[in-house]
Amino acid sequence: RIRVVFKMALQHPKLAANLSFLFQERDFLDRFSAAAACGFKGVEFGAEVPSQWTKEQLVAAKESAGVEVVSLCTPLGDKAGDKGLAAVPKRQADFTVALGTAIEYAKALQCPRVHALAGVLPGTPSSHPIWKQAELIYISNLKYAAEECAKCNITLLIEPISTIQDYFLQHQQQGKISSAIP
């Protein structure tokens, strides 16, 4: 007779502090140490960061605090109202530049994940034909981004849960778009 015993190790969830939202009473570079002081081992931040701080400044803050940067976003874009570029028609070249910037920062920070922000389609209901065009652009840009990230051993992320008005990727059902990417 064979007796099988299963043991489950209790694993604590690994949580990261989003420095774009937490510790806003502090200068951004001081938020790394604030997160560490609260027990966070990992941090993440949004798309506004590359335009405001150099890679060297961020690396110094990360190392000084002893935390890992676990995720960062592609830059928002350079036009008023931009919230990412991956699905925005006629902005594919801008997305390529934004992705390159995110990858440069991720490599410098030894960050294993990059979130490709989809972007907004202002004033257009999801039934408008531009949304189908945006879907095709999004798939094309994600294929490119996945290839570029893979070259650097970086995982590409999407977040189909946005509540931002007119944001392209709003629902989990839209996440199935990623199945079009090999």
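Residues numbered from 1 in each chain as written. Predicted model: local features only at pLDDT ≥ 70, side-chain atom pairs only at ≥ 80, totals over all residues. Heavy atoms only, no water.

**Looking at the pairing of strand β2 (residues 42-45)**
Turning to step 1, where the next piece is worked out: One ladder, built from three bridges, connects strand β1 (residues 16-18) with β2; its direction is parallel. When the bridges of β2 are listed, A17 appears paired with V43.
Turning to step 2, where the next piece is worked out: This β-α-β element, β1 to helix α1 (residues 31-37) to β2, shows right-handed connectivity.
Turning to step 3, where the next piece is worked out: Direction of pairing for β2 relative to strand β3 (residues 68-73): parallel, over a ladder of four bridges. Its bridge partner lying in β3, V43 is registered against V69. (Pairing = 2+ DSSP bridges. Helix = DSSP H or I, 4+ residues; strand = E, 2+ residues; numbered from the N terminus. Right-handed = clockwise from strand over helix to strand, strands pointing away.)

**Here we look at the packing of helix α3 (residues 92-109) against helix α4 (residues 129-151)**
Turning to step 1, where the next piece is worked out: Running from N to C, α3 and α4 cross one another at 30 degrees; their axes reach a closest spacing of 11 Å. Classified by the interaxial angle, the pair formed by α3 and α4 is roughly parallel. In this structure, α3 crosses over α4, and the sense of that crossing is right-handed. Counting all contacts with α3, which are made through Q92, F95, T96, L99 and I103, the residues of α4 involved are I137, N141, Y144, A145, E148 and C149.
Turning to step 2, where the next piece is worked out: Of the residues that constitute the contact of α3 with α4, the class distribution is seven nonpolar, three polar and one charged. (Axes fitted to C-alpha atoms, helices over the stretch in contact; angles between N-to-C directions. Parallel < 35°, antiparallel > 145°, perpendicular 65-115°, else oblique. Left-handed = near helix turned anticlockwise from the far one by under 90°. Contact = heavy atoms within 4.5 Å. Nonpolar A, V, L, I, M, F, W, Y, C, P; charged D, E, K, R; others polar.)

**Points about unusual backbone geometry**
Turning to step 1, where the next piece is worked out: The phi dihedral of K90 falls on the positive side, at around 65 degrees, and the residue is not glycine.
Turning to step 2, where the next piece is worked out: The backbone of D166 shows a phi angle near 65 degrees, a positive value even though the residue is not glycine.
Turning to step 3, where the next piece is worked out: Within the secondary structure, D166 sits in the segment after β5 (155-157).

**Quick notes on the packing of aromatic side chains**
Aromatic ring pairs: the centre-centre distance and the angle between the two ring planes describe each pair.
Turning to step 1, where the next piece is worked out: Across all of its chains, the model carries six aromatic pairs by this definition.
Turning to step 2, where the next piece is worked out: A centroid spacing of 6.3 Å and a plane angle of 65 degrees characterise the contact between F32 and F45, whose relative ring orientation is edge-to-face. With F32 in helix α1 and F45 in strand β2, the pair connects residues that are 13 residues apart, well separated along the chain.
Turning to step 3, where the next piece is worked out: Owing to a relative accessible area of 0%, F32 belongs among the buried residues under this scheme.
Turning to step 4, where the next piece is worked out: Through pairs of rings, three or more aromatic residues link up here, namely F28, F32, F45 and W53. (Phe/Tyr/Trp six-rings, centres within 6.5 Å; stacked < 30°, edge-to-face > 60°. Buried < 20%, exposed > 50% of the residue type's maximum accessible area, 1.4 Å probe, protein only.)

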